[in-house]
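Descriptive analysis of the structure
Residue strings, one per chain:
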Amino acid sequence: MKLSRTALTLALLTAFTLITGVARAQEPDPARVKKILEEAKRIEGEVEKIRGRPFRTDVPKGVQSRGKMKSSVVAQMRKELATQKSKDSERIVKRFGLVPESFDFGKSLADFYGSQIGGYYDPDAKRLFLIDSPPGKAMPGQELNDYMVMAHELGHALQDQYHDLSRWMRLFADNEDQITAFKSCVEGEAMLIGFKALAKKQPMLGQMGLSQFMRMNQQMAEQNPGMNPNAAKMAKIPPYILKTAMFPYNEGSFFIDEVFKRQGWKGIDKLYVDPPLSTEQILHVDKYLGDKREGPIVLQVTPVKDILGPGFRPVEGNSLGEYQTRLLLELQGISKPDAADGAEGWGGDLYQAVVEKSSGRLVLAWLSVWDSQSDAQEFFSHYSKVLRKRWKG
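These notes cover the structure that comes with them. (Residues numbered from 1 in each chain as written. Predicted model: local features only at pLDDT ≥ 70, side-chain atom pairs only at ≥ 80, totals over all residues. Heavy atoms only, no water.)

Side note on the overall build of the protein chain
- Within the protein chain, the regular secondary structure consists of 18 helices and six strands.
- In the protein chain, which comprises 393 residues, the proportion classed as buried is 53%.
- A separation of at least 24 residues holds for 79% of the contacts in the protein chain among residues at least 6 apart in sequence. (Helix = DSSP H or I, 4+ residues; strand = E, 2+ residues; numbered from the N terminus. Buried < 20%, exposed > 50% of the residue type's maximum accessible area, 1.4 Å probe, protein only. Contact = heavy atoms within 4.5 Å.)

The structure is reproduced here in structure tokens:
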């Protein structure tokens, strides 16, 4: 039940109220390109000072117009979303009831994320891609936003040079919840680096800290949705997709800020040696940093395809984790506080999906374990309401 890797990489700007406008496709002016690259070099130095370590090698950089980069991203996403694996994942999300059956992943997601792009670092190509913003097309506050985004992405480049980000993504490839937890460390640290860089330009920000800054932005976005020029496009995207895409940035920031307060940069470095293994540990930092760490319970069960026989093909087996289990309740009629409480006793889970070869029918089985019997009963009390409402039974 995975979103496109590209989509998750490009979601950063939806975290802020100061979001850039969309410029027409045109080739960047050479003079502006030179200025952007010089600014990137200066910010590299700031990132080195913030993080207390030098870049080991030069970071290759490219500058494109927003229109050209959007076209490239949309084309790549549509290609990824057209694969059978992506189509199967889409069916699983919809079978859980997390996304409406009518939602068109292929068109809507590609167009939306293409409009949100704000530059990115590619850990496979080891290259930073920057966007040219022509004069006269900038939104108020865009210069500061662009500065933070550039520091954020250069933070990713520095992470990659010291910790090999692609290696960890490969190790966690079979467990979506672990990938989300690791991405929360990666994005959370980059958010902290970007915030500290921005605070040097705006000293008053340094007095509030990253967590308070994030909460302030969230409150502003909720109270003034019209400030976001992409609000109309965002309203068309199911909340499940927005919330899961933004989890590593939002919850990752709160997690990293707490790790930094307790252990400094040394504590953050440890995350790449002994990373958290679940969104549960991201949501509840003491389940990772506490004296008694609470890791996820790994479930081993007979594959559903072996039970049902050769007439079924396996599609996907994965874990929702605490956060998506919370969304399973919250997005289907359970209040936000009750959904959080209902999912908090999560101990581990596993879902398996198979497709009947003759009919194409999807069969989904989900097993979860809980910290206590009362936790299991609390979740089931809420989820049974969801199921009765959904299936009218």
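Section: the sheet that holds strand β1 (residues 61-65)
- Pairing is mixed across the open sheet formed by three strands, whose spatial order is β1-β3-β2. In the strand order of this sheet, the two ends are held by β1 and β2 (120-122), each with one partner. For this sheet, the mean angle separating the axes of adjacent strands, direction not counted, is 30°.
- Note that β2 and strand β3 (residues 127-132) share three bridges and pair antiparallel. (Pairing = 2+ DSSP bridges. Axes fitted to C-alpha atoms, helices over the stretch in contact; angles between N-to-C directions.)

Overview of unusual backbone geometry
- The phi dihedral of K126 is positive, around 55°, even though this residue is not glycine.
- Positionally, K126 belongs in the loop between β2 and β3.
- Positive phi values are uncommon outside glycine, yet D164 reaches one of about 50°.
- Tracing the backbone shows D164 in the loop between α6 (142-163) and α7 (165-171).

Some words on the packing of helix α12 (residues 239-270) against helix α16 (residues 321-330)
- Put simply, α12 and α16 touch, their axes get as near as 11 Å, and they point 155° apart. One finds that α12 runs roughly antiparallel with respect to α16. In this structure, α12 crosses over α16, and the sense of that crossing is right-handed. Of the residues in α16, those touching α12 at Y240, K243, T244 and F247 are Y323, Q324, L327 and E330.
- Looking at side-chain class alone, the contact of α12 with α16 contains four nonpolar, two polar and two charged residues. (Parallel < 35°, antiparallel > 145°, perpendicular 65-115°, else oblique. Left-handed = near helix turned anticlockwise from the far one by under 90°. Nonpolar A, V, L, I, M, F, W, Y, C, P; charged D, E, K, R; others polar.)

As for the sheet that holds strand β4 (residues 312-318)
- Taken in spatial order, the three strands line up as β4-β5-β6 in an open sheet, and their pairing is antiparallel. Strand pairing shows two members of the sheet lacking a second neighbour, β4 and β6 (362-370), which therefore form its edges. Strand after strand, the sheet turns through a mean of 15° between neighbouring axes, direction not considered.
- Of the strand pairs in this sheet, β4 and strand β5 (residues 346-356) are connected by six bridges, and their pairing is antiparallel. Bridged to R313 within β5 is V355.

Brief notes about helix α17 (residues 336-343)
- Turning to α17, its buried residues are A339, G342 and A343. Projected down its long axis, α17 shows its buried positions confined to an angular sector of 90°, all on one face.
- Considering only its buried residues, α17 is in contact with α16, β5, β6 and α18 (373-391). (Arc of directions from axis to C-beta.)

A look at the nonpolar core
- Judged by nonpolar contacts, the single largest core of 98 residues is most densely connected at V47, F96, L109, F213, I241, F255 and I268.
- Take this core: its biggest share by element is 13 residues, from α12. (Core = buried A, V, L, I, M, F, W, Y, C linked by side-chain atoms within 4.5 Å.)

Describing the packing of aromatic side chains
- Evaluation of the coordinates by the stated rule reveals 16 aromatic pairs.
- Where F96 meets Y351, the ring centres are 5.6 Å apart and the plane angle is 80°; that geometry is what we call edge-to-face. With F96 in the loop between α4 (84-95) and α5 (105-116) and Y351 in strand β5, this pair connects stretches of sequence that are 255 residues apart.
- In this structure F96 comes out as buried when scored by relative accessible area, which is 4%.
- For the pair Y120 and F129, a centre-to-centre distance of 5.1 Å together with 25° between the ring planes defines the contact as stacked.
- Judged by relative accessible area, F129 falls into the buried class, the value being 17%.
- A connected cluster of aromatic rings, assembled from ring pairs, spans F96, Y351, W366, W370, F379 and Y383.
- For R53, the ring lying beneath its charged end belongs to Y162, and the centroid distance is 4.3 Å.
- One Lys or Arg, R56, reaches over the ring of Y162 and ends 4.0 Å from the middle of that ring. (Phe/Tyr/Trp six-rings, centres within 6.5 Å; stacked < 30°, edge-to-face > 60°. Lys NZ or Arg CZ within 6 Å of the ring centre and 35° of its normal.)

Some details on the pairing of β3
- Within β3, five of the six residues are buried, leaving the element largely enclosed by the surrounding structure.
- Of the pairings in the sheet, the one linking β1 to β3 comprises five bridges and is parallel in character. Opposite G62, over in β3, you have F129 as the bridge partner.
- Taken together, β2 and the strand that follows it, β3, pair antiparallel across an intervening segment of four residues, in which K126 is found at a positive phi of about 55°.

Focus on the pattern of salt bridges
- Enumeration according to the criterion identifies 21 salt bridges in this entry.
- E294 is the partner of K287 in a salt bridge, and the nearest nitrogen-oxygen pair spans 3.9 Å.
- A relative accessible area of 12% means that K287 is categorised as buried.
- Sharing partners across several salt bridges, the network here consists of K41, E44, D58 and K61. (Salt bridge = Lys/Arg side-chain N within 4 Å of Asp/Glu carboxyl O.)

Things to note about the packing of helix α10 (residues 209-223) against α12
- Direction vectors running N to C along α10 and α12 enclose 155°, while the axes themselves pass 8 Å from each other. With respect to α12, the element α10 is oriented roughly antiparallel. In this structure, the crossing between α10 and α12 has a hand that is left-handed. Between α10 and α12, the residues in contact are L210, S211, M214, R215 and Q218 and Y249, N250, S253, F254 and D257, respectively.

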